[in-house]
Amino acid sequence: LCAPPAEVPLFYRGTFVHSTPQTPLLILEDALLGVNTHGTIAFIGEGKHVKRLSQDFKFSLSDVKQMFFMPGMVDTHIHAPQYSYAGTALDLPLLQWLNKYTFPVEAHFADLKFAQQIYNQVVKRTLRNGTTTACYFATIHTDASLLLGQIANDLGQRALVGKVCMDRNDSAKTYKETSQESQEETLRFIKELLEKKYPRVSPVVTPRFALSCTEPLLGQLGAIAKNNNIHIQSHISETVDEVNVVKELFPDSKSYTDVYNKHNLLTDKTVMAHGCYLSDEELTLFRQTGASLAHCPNSNVSLCSGLLDVRNVLKHKVKIGLGTDVAGGYSASILDAARRALETSKVLTIQNPGYKTLTFEEVFRLATLGGSQALSLDKQTGNFEVGKDFDALRVNVAAPGGPIDLIKDEHPKVGIWTLIIKIVNSDDRNIVEVFVAGKKVVPFTEKTQE
Ligand SMILES: Nc1nc2[nH]cnc2c(=O)[nH]1
Ligand SMILES: [Zn+2]
């Protein structure tokens, strides 16, 4: 490790914790991290170099006994409009839940004032919860979806935003679009969002799921994504009932995965939520196309959908991150998703004692680097590699009024380890600062406050 370059304007000093493709959890004790004026990481080295620099530069030496920096977390799958009823209405299985609760609520987002209020709240809440990157489903309404993009940009969150497409909608009484509207409005959405030139907010082609889309629309959306080289998101194999309906609707397709693949919807910029019931053959197709999975364990249990075998997904070398899937999942926190991912893995171990349970370290990586890989944003974010944007959380394990007590007199090595693992018990009170591309976005400023 060499001395830090003199021209770097801003340094942070303290304990840094992150993941690499090789190592699920790396702890850098007393490290120094330099951020350049564009918000990218210019340097990471040893904290002691600080003394050797004559120039006066800013750094914050966090109290290593109770604080550390970690990468910002990535929510690979969240429905922004459903934040309006998160924590309620979890008494029905998926397909009935969509008809009874979800579609009527999403229909309200034709009202831009309502959309503005809810979208402000969801972006602020997820930022406070440490989500520096979010991959959002909006609704079928183009203007409200554009508003979500604007709000994410204004509040400083990195985001993928999708106008939802669903031209097969007999069960939705008040929430409908025609095939032509779906296609034309997707094109308008992409064009108008790209014209805004937001630095960290991009459009994502969003067929709701195979059940909601006709084959011609799926084909058109695949072509639109290809022509514009943009991201794709949808749902796959979330419940047994859903998989059975897909078999009926698409009798010529070999599998659910084949339905999407036939329409060019599986690319290395595709993220599919759930995948609880994918076969090994389907996972191989994910691997071959570069498509990824969003593991949403809170939702999978809350809607009694299923249990994803993450170990098997990793074995197939399919990219995977965590998603909250609000409001199927009742929590808008990736820390919650991490806890639930551990829990689901332990349930699988209870069912099959030979099962290799996910470790804390592996789940930490899913919440950060894994999510960035799943969204093909790992050149920009996900860990503290030089050249990436500084997307980071300053965590104070013993934050005043927080949910955790630090137990004194631990062995020093065990101490730093327990400190970090305590994040499993923490919440937004422990996330004292949030940075996206070097800019502090939490606590909110006066401008972002109201
Ligand atoms: N969990 C979940 N699954 C879906 N499948 C299609 N739409 C949805 C949705 O809004 N939530
Ligand atoms: Zn979802």
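Residues numbered from 1 in each chain as written. Chains lettered and ligands numbered in written order. Predicted model: local features only at pLDDT ≥ 70, side-chain atom pairs only at ≥ 80, totals over all residues.

## Section: the overall build of the protein chain
At step 1: Check the secondary structure of the protein chain and you find 14 helices and 16 strands.
At step 2: Here the C-alpha atoms of the protein chain give a radius of gyration of 22 Å, agreeing with the 22 Å that 2.2 N^0.38 yields for 450 residues.
At step 3: Based on the C-alpha atoms only, the size of the protein chain along its principal axes is roughly 70 × 55 × 40 Å.
At step 4: Per-residue burial for the protein chain yields a buried fraction of 51% across its 450 residues.
At step 5: Here the analysis covers contacts within the protein chain between residues at least 6 apart in sequence; of these, 76% occur between residues at least 24 apart. (Helix = DSSP H or I, 4+ residues; strand = E, 2+ residues; numbered from the N terminus. Rg over C-alpha atoms; globule rule 2.2 N^0.38 Å. Buried ≥ 20, exposed ≤ 12 C-beta atoms within 10 Å, placed from the backbone. Contact = placed C-beta atoms within 7 Å.)

## A few points about the packing of helix α3 (residues 142-155) against helix α4 (residues 179-195)
At step 1: Running from N to C, α3 and α4 point in directions that differ by 30°, and their axes come no closer than 10 Å. As the angle between them shows, α3 and α4 are arranged roughly parallel. In terms of crossing hand, the pair formed by α3 and α4 is right-handed. Between α3 and α4, the contacting residues are Thr 142, Ser 145, Leu 146 and Gly 149 on the first element and Glu 185, Arg 188, Phe 189, Glu 192 and Leu 193 on the second.
At step 2: Among the residues forming the contact of α3 with α4, the class breakdown is three nonpolar, three polar and three charged. (Axes fitted to C-alpha atoms, helices over the stretch in contact; angles between N-to-C directions. Parallel < 35°, antiparallel > 145°, perpendicular 65-115°, else oblique. Left-handed = near helix turned anticlockwise from the far one by under 90°. Nonpolar A, V, L, I, M, F, W, Y, C, P; charged D, E, K, R; others polar.)

## Quick notes on the domain arrangement of the protein chain
Interface size is often expressed as the accessible area that is lost when the parts come together.
At step 1: Structurally, the protein chain comprises domain 1 (10-71 + 385-449) and domain 2 (73-374).
At step 2: Using C-alpha coordinates to define each centre, domain 1 is positioned 30 Å away from domain 2.
At step 3: On the domain 2 side, the residues contacting the 21 residues of domain 1 number 21 residues.
At step 4: Elements that contribute at least two residues to the side of domain 1 that touches domain 2 include exactly β15 (431-436) and β16 (439-442).
At step 5: For the side of domain 1 that touches domain 2, the residue count by class is 13 nonpolar, four polar and four charged. (Domains from an automatic or database assignment.)

## Regarding the pairing of β16
At step 1: In the sheet, β15 pairs with β16 via three bridges, with the strands oriented antiparallel. Bridge pairing in β16 links Phe 435 to Lys 440. (Pairing = 2+ DSSP bridges.)

## Considerations on the environment of Phe 384
At step 1: Mapping Phe 384 onto the fold places it in the loop between α12 (360-374) and β14 (392-396).
At step 2: In this structure Phe 384 comes out as buried when scored by C-beta crowding, with 24 C-beta atoms within 10 Å.
At step 3: Between the alpha carbons of Phe 384 and Phe 286 there is a distance of 27 Å; along the sequence they are 98 residues apart.

## What to know about helix α2 (residues 112-128)
At step 1: With 17 residues, α2 extends 24 Å from end C-alpha to end C-alpha; this agrees with the ideal 24 Å at 1.5 Å per step.
At step 2: Residues of α2 that are buried: Ala 115, Ile 118, Tyr 119, Val 122, Val 123, Thr 126 and Leu 127. All buried residues of α2 project into a common sector of 160° when viewed along the axis, lining one side. Exposed side of α2, more than 90 degrees from the buried face: Lys 113 and Gln 117 are the residues found there.
At step 3: For α2, the secondary structure elements touched by its buried residues are β5 (73-79), β6 (131-137), α3, β15 and β16.
At step 4: Once α2 ends, the next one or two residues include Gly 130, with phi positive near 95°. (Expected span 1.5 Å × (residues − 1). Arc of directions from axis to C-beta.)

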